[in-house]
Structure formats: C-alpha cells, structure tokens
Amino acid sequence: MSVELSLNRAPILERFGETIEDLGTAHGIDVFVVPPEKIVEFCRFLKDDPELRFNFLSDICGVDHYPETPRFEAVYHLYSLPNRWRVRIKCRLGDPPEVPSVTPVWRTANWHEREAWDMYGIRFQGHPDLRRIYMWEGFEGFPQRKDFPLRGYKDKLNPFGAEGPPPTQPDLATREIP
Amino acid sequence: MTEVTELTRPEGEALNSKEVLLNLGPQHPSTHGVLRLVLELDGEYVKRVDPHIGYLHRGTEKLAESFTYTQIFPLTDRLDYLCPPSNNLAFALAVEKLLGIEAPIRAQYIRVMMAELARISGHLLITGALPMDLGAMTALLYVMREREMIMDLMEMITGARMHTSFCRVGGVREDLPDEFFPKIREFCEIFPNRIRDYERLLEDNRVFLKRTQGIGVISAEDAIDLGLSGPNLRASGVDWDIRRDEPYEIYDRLDFNVITRTEGDCYARWRCRVDEMRESMRIIEQCIDQMPEGPFQVDMPTIAFPVDKERVHCSMEALIQHFDLSAYGFNVPKGEVYSAIEAPKGELGFYIISDGSPKPFRMKVRAPSFVNLQAVFGVTNARYLADMIAVLGSLDPVMAEVDK
C-alpha cells in the first residue's frame, strides 16, 4: 500500500484551508506548513478527527536555516496507526524561536521538545519541564545551531575548540526556565 | 508515579525523614549503560522518577552535517551498537529515497538478512539481560554463546564483529563469501533449539515470573500516547510492525508473523522478543532460499564504486570518478525525506534535509530507545525500587541510541 496515494487531505484543507500552506507530497509524505499559534489546534484536529486519526507522534525536531529568515523550523512527524498514513508538519519560527508545546496532545512530545530546546533553543511555551536533556545544566549556547562551531568554543577543558568567546545568552543564564 | 517537574528543593527545607532521594547510576549494572535515575523514594516505594540522560551524547546529528553521506555509515553503527546493520539499512534507505534509486534485489536480500541477524543479536541480549537484572545470571551466559555465533557470521561477511558498516548507498560493500552459506544453514539448524532452551530456563522460573508478570503494565492507549514502538508497543496489544505495514526492501516477499501480546507487562515485553527471534529465524531462512544471483551494488559510477575494480586501473575516467567519490562524496538532490524502518528497538527513522551538496544539511535520528525510555513515566504496578529495575530492563533501552 502506497502512503502518498491514501492520505485524505480534504478534511484538513476544508477546516484549515486559509491558514495553512500545503506543500504537497515529498518522497511519500504530505507536508503542511502551519503557523505556530495554530499548531496545537492543528495537531489536536489531526489526532481526534475520526477519519484521519493521527494518534502517533513519531518525532519532533528543530531545524536551523541560518542565515536565512525565518531562521528556525520545528518539524513534526505524525503517523496514523489505523490508516497507516504519515504526515509532516512544519512551523516556521523567527528568532528567538517560540512555539506552543504539544505535550497536552501527546505525552511523548515531552522529551522531543526538550531535545529541540537543548539543541536549537526553541522555546516550547507551556511545556511542563523544559530543561536541557543532553547537555549539562549551565551549558551556554545551543550546539546544533549552524553558527555554533562543530568543536565548541575554546576553554580550559576544550583546547581544540574554536577561538572566540562563547555566545552570551543572558536570557538563558538568568531567565527562569518556564 | 507521576512525572517529575522539579526535584531541587528550596534551600533550608529538610527532606521529610521518610523520603529519600536515591541516585541510581550513571554507573550501575542494571541501567544498561550510563543512565542516571534520580528516584524519590518513600521507604521502598518509588514516588517519582527523573531520568538524566546525555552521558553518551556524541553529537551524531551535528557531526553528520560535516560528513559526506558515505562517511555517516560508521556514525549510524554507533547508535544501537547491538544491531548496526539495521541502523545502516535505515540510513541507506533514506538516502536512496532522496536519490530516487533502489538497491539491486540481491543487495536487498543481503541487507534484510543482516538486519534480521542483528535483530536476533539485539533481542538475545535482553533475553539474557532482563533475567540477570533480576538475579538469574545463567541465561545471560548461554545467550552470549549464541551472540558469539552471530558475531562470527558478521565477521565472516564484513570483517568486523560489531561495527559492520556494511551497507552503502545503493547496495552493500561486497558480496557474501561462499563459505558463509553452510555456516548460516548450520546456525539456522541450531538456533531454534537454543531459543527453546532459554524458554525452558526461564518460563517456569517462579522468581522470574513473580518479578515480571503483572509488573510495569503499560496500557495500549498509554503506549501510543508515550510513543512506544517495536516490541514494547506490540507487548501492549497494538498490532503495528513497519516491516508489514509499510514494507521496505523485500519484506513484502517474505512470510512472517507479527508477534503481539495483550498483557503489556514486563513479561510480555520479554516474551515478545523471544518469539520475534523465531520469526526472524524464518525470515533469514527465506532470504537464503530466495536470494537471487546478481549485482550487490547499483551500477552508477557517480554514487557507488565500480563493481569491477579493473575499470579503475584501465580507464582514466573511472579512476577520476573513483577518486572523486572517495574524496568528495556524491551530490544528493535537494529535498527532504523521512524514512523509518522497524529496528529491533522500534521505529528507527532518519529525517534528512539535503541542500544538494554531498553533505546533509540536517539529519535527525528518530531513535526508538530515546522514546521508549520515556515509558518509565507511563508504567503502573511498579511500586518498588526493584520493580523499576525490571521495567527498565524490559524496555530495553540502549543508551548509545538514547544519547545519540
């Protein structure tokens, strides 16, 4: 059974036709661009719609398009267990990137969002526990951003790092994590 | 058990005399690697759990952005180091989708056979390691004996025991050696009886049953909500296997059953894996029987090394292409792809964004262990600290994959 032939996009376009952008099918997966403020509503619709039933969240990840604007993207991969369809949702985010959390829709989003926060600094509003997950607490910067050097910044522990001061991100050091 | 939000207490506030914060790991034999669990205990009851991961974080995704596609294969080996061929296969499939090519049929059979061997190798470890966590040491020793056989088979094919890196974009590195076939037939004959041995060792072991049956139950709804996949999900009664539902490679030509259980407890998760080994065995046998003759690599000089090495020695163009390919890699057309396979631990997906250069612009690994580990928040009936160990063991996280 081929995935791209079966996804029924009519109910999606009917409900969200104006607000979302339909990017068509890319390598077997339908792609939609959703404005950040609509993401929770959109996900909940995909999950609860009796015809679509995208009940399984495969993955959330961040993408950095530096130096292009809008710089960041949050990409969601959904799967429908009953229908065996896949769909990709993209949220284009500015700088600093902020997007509402989908943890109320799927609990599994918790760690995926923590990872995207840790690696790209995408702030998921309403996330219950947005801490760093891979890097240690007190680490400065977001390592997977394109402007972060591959070997990190030079310091006492990292003699092979890139020259230059690490980016100061006062909002990270002082601001309470929501 | 509820999900922890903040474990640090305000300064000056003493702990309740009944409650203890226990730091399990990072170096602890039953955490299967370097996982640190901060547990809040009330007596022997676990009140809250907070897994800390990242001790093995190597930045695979960041590194991949500076590697050519062929160079990434060794990185994928080190994700789930128990079953590298599966990881190689998942990555190769994603890149092949972007390129719009398919490996020759023989290569597909070789890859699937190796992925299934790897699945057995991965499942074997948990078959022995879960009882070991619970105090039954014997099974692990027997299991290692059979894993050794698989390692030998891998060594025969690839020259490496663990990190095989055998897949290439558009095929595999080389053909199977002739002496491999009698060996794998021998393995196919021996192994089903060995599975029976493990079952006999553990099925009626009352301590093992007491500590796994009815412990750490995850309902089907919770399992889907928590994003579980693979045997962990199927043990909760959700009948989903990517090999059958979105067949890739030659899985649609093979006949195998998808094992599901309904209980969703630690025993069901263990049992699922033991039964899956039998199905993998059947798949391997079918692969050997059906494997056609033919090339093991696509004949595209811009993507794969020439099958006939003589061409490189005789033709200037072939030599240049060979050099180009090894030094600079090959360009992959612009685009995005998400390709998932049924790895031993669950849905292993690669999301690759290509900007048309020989290196990926972004590579995201959807690591099944990373997601499966979250299920410690969803288990019920695991009240004691000792049950937590059983739950962790049965979820079978490989920390190298969790931390990427």
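Residues numbered from 1 in each chain as written. Chains lettered and ligands numbered in written order. Predicted model: local features only at pLDDT ≥ 70, side-chain atom pairs only at ≥ 80, totals over all residues. Heavy atoms only, no water.

**A short note on the overall build of chain B**
Turning to step 1, where the next piece is worked out: Within chain B one finds 16 helices and nine strands.
Turning to step 2, where the next piece is worked out: Against the 2.2 N^0.38 benchmark of 22 Å for 404 residues, chain B shows a C-alpha radius of gyration of 22 Å, consistent with a compact globule.
Turning to step 3, where the next piece is worked out: Its C-alpha atoms give chain B principal-axis dimensions of about 80 × 50 × 35 Å.
Turning to step 4, where the next piece is worked out: Within the span of chain B, comprising 404 residues, buried residues form 61% of the whole.
Turning to step 5, where the next piece is worked out: Counted over contacts in chain B with a minimum sequence separation of 6, partners at least 24 positions apart contribute 70%.
Turning to step 6, where the next piece is worked out: One way to put it: in chain B the 45 positive side-chain charges average out to a point 3 Å from where the 62 negative ones average out. (Helix = DSSP H or I, 4+ residues; strand = E, 2+ residues; numbered from the N terminus. Rg over C-alpha atoms; globule rule 2.2 N^0.38 Å. Buried < 20%, exposed > 50% of the residue type's maximum accessible area, 1.4 Å probe, protein only. Contact = heavy atoms within 4.5 Å. Lys, Arg positive; Asp, Glu negative; His and termini not counted. Charge placed at Lys NZ, Arg CZ, Asp CG, Glu CD.)

**Comments concerning the sheet that holds strand 9 (residues 360-366) of chain B**
All names here are of chain B.
Turning to step 1, where the next piece is worked out: Here we have three strands laid out as an open sheet, ordered 7-8-9, and antiparallel in their pairing. Among the strands making up the open sheet, the edge pair consists of strand 7 (335-343) and strand 9. Here the average twist between neighbouring strands, direction ignored, is 15 degrees.
Turning to step 2, where the next piece is worked out: Taken together, the six bridges between strand 8 (residues 346-354) and strand 9 define a ladder with antiparallel strand orientation. What sits directly across from serine 354, in strand 9, is proline 360.
Turning to step 3, where the next piece is worked out: Contacts from helix 3 (residues 84-99) reach strand 7, strand 8 and strand 9 within the one sheet, and its direction differs from that of strand 7 by about 150 degrees. (Pairing = 2+ DSSP bridges. Axes fitted to C-alpha atoms, helices over the stretch in contact; angles between N-to-C directions.)

**Observations concerning helix 5 (residues 138-158) of chain B**
Residues and elements named next belong to chain B.
Turning to step 1, where the next piece is worked out: With 21 residues, helix 5 extends 31 Å from end C-alpha to end C-alpha; this agrees with the ideal 30 Å at 1.5 Å per step.
Turning to step 2, where the next piece is worked out: Buried positions along helix 5 lie against helix 3, helix 4 (105-133) and helix 6 (180-202).
Turning to step 3, where the next piece is worked out: Directly after helix 5, the chain includes glycine 159, whose backbone phi takes a positive value near 90 degrees. (Expected span 1.5 Å × (residues − 1).)

**Thoughts on the packing of helix 4 of chain B against helix 11 (residues 266-290) of chain B**
All names here are of chain B.
Turning to step 1, where the next piece is worked out: Running from amino to carboxyl end, helix 4 crosses helix 11 at an angle of 155 degrees, the nearest separation of the two axes being 9 Å. Accordingly, the angle class assigned to the pair helix 4 and helix 11 is roughly antiparallel. Considering the relative orientation of helix 4 and helix 11, their crossing is left-handed.
Turning to step 2, where the next piece is worked out: Residues of the contact of helix 4 with helix 11, tallied by class, amount to 18 nonpolar, four polar and four charged. (Parallel < 35°, antiparallel > 145°, perpendicular 65-115°, else oblique. Left-handed = near helix turned anticlockwise from the far one by under 90°. Nonpolar A, V, L, I, M, F, W, Y, C, P; charged D, E, K, R; others polar.)

**Focus on the sheet that holds strand 5 (residues 85-93) of chain A**
Residues and elements named next belong to chain A.
Turning to step 1, where the next piece is worked out: With mixed pairing, five strands are arranged side by side in an open sheet as 1-2-5-4-3. What marks the edges here is a single partner per strand, and that holds for strand 1 (21-26) and strand 3 (56-64). For this sheet, the mean inter-axis angle between neighbouring strands, taken without regard to orientation, is 20 degrees.
Turning to step 2, where the next piece is worked out: Against the sheet, helix 3 (residues 39-48) engages strand 2 (29-33), strand 4 (72-80) and strand 5, with an angle of about 175 degrees to strand 5.
Turning to step 3, where the next piece is worked out: Across the sheet, helix 4 (residues 109-120) lies against strand 3 and strand 4, angled at about 5 degrees from strand 3, the strand it touches most.

**Let's talk about the packing of aromatic side chains**
Turning to step 1, where the next piece is worked out: Per the stated rule, a full pass over the model turns up 25 aromatic pairs over all chains.
Turning to step 2, where the next piece is worked out: With centroids separated by 6.3 Å and ring planes inclined at 65 degrees, the aromatic side chains of phenylalanine 208 of chain B and tyrosine 267 of chain B adopt a geometry described as edge-to-face. Placement of phenylalanine 208 of chain B in helix 7 (residues 206-212) and of tyrosine 267 of chain B in helix 11 is noted, with a sequence separation of 59 residues between them. The burial state of phenylalanine 208 of chain B is the same as that of tyrosine 267 of chain B; both residues are buried.
Turning to step 3, where the next piece is worked out: Centroid distance tyrosine 251 of chain B to phenylalanine 256 of chain B: 5.9 Å. Interplanar angle 70 degrees. Geometry classified as edge-to-face.
Turning to step 4, where the next piece is worked out: Aromatic ring contacts, followed pair by pair, group Tyr69, Phe73, Phe91, Phe330 and Phe350 of chain B into a single cluster.
Turning to step 5, where the next piece is worked out: Of note, lysine 146 of chain A hangs over the ring of phenylalanine 361 of chain B, and the distance from its end group to the ring centre comes to 4.1 Å.
Turning to step 6, where the next piece is worked out: Positioned above the aromatic ring of phenylalanine 370 of chain B is the side chain of lysine 404 of chain B, whose terminal nitrogen or guanidinium carbon lies 5.2 Å from the ring centre. (Phe/Tyr/Trp six-rings, centres within 6.5 Å; stacked < 30°, edge-to-face > 60°. Lys NZ or Arg CZ within 6 Å of the ring centre and 35° of its normal.)

**Description of the pattern of salt bridges**
Turning to step 1, where the next piece is worked out: All told, the structure shown has 61 salt bridges over all chains when counted by the stated rule.
Turning to step 2, where the next piece is worked out: Here the residues in one salt-bridge network are Glu116, Arg119, Arg234, Asp241, Arg243, Glu276 and Glu342 of chain B, joined through shared partners. (Salt bridge = Lys/Arg side-chain N within 4 Å of Asp/Glu carboxyl O.)

**Things to note about a nonpolar patch on the surface**
Turning to step 1, where the next piece is worked out: Taken together, Met316, Leu319 and Ile320 of chain B make up a surface patch of nonpolar side chains, about 300 Å² in accessible area.
Turning to step 2, where the next piece is worked out: Mapping isoleucine 320 of chain B onto the fold places it in helix 13 (residues 316-328). (Patch = residues over 30% accessible without salt bridge, like charges linked within 9 Å, V, L, I, M, F, W, Y side chains within 5 Å. Areas by Shrake-Rupley, 256 points an atom, 1.4 Å probe, with all protein chains shown as cover.)

Shape is all these values report; function is a separate question.
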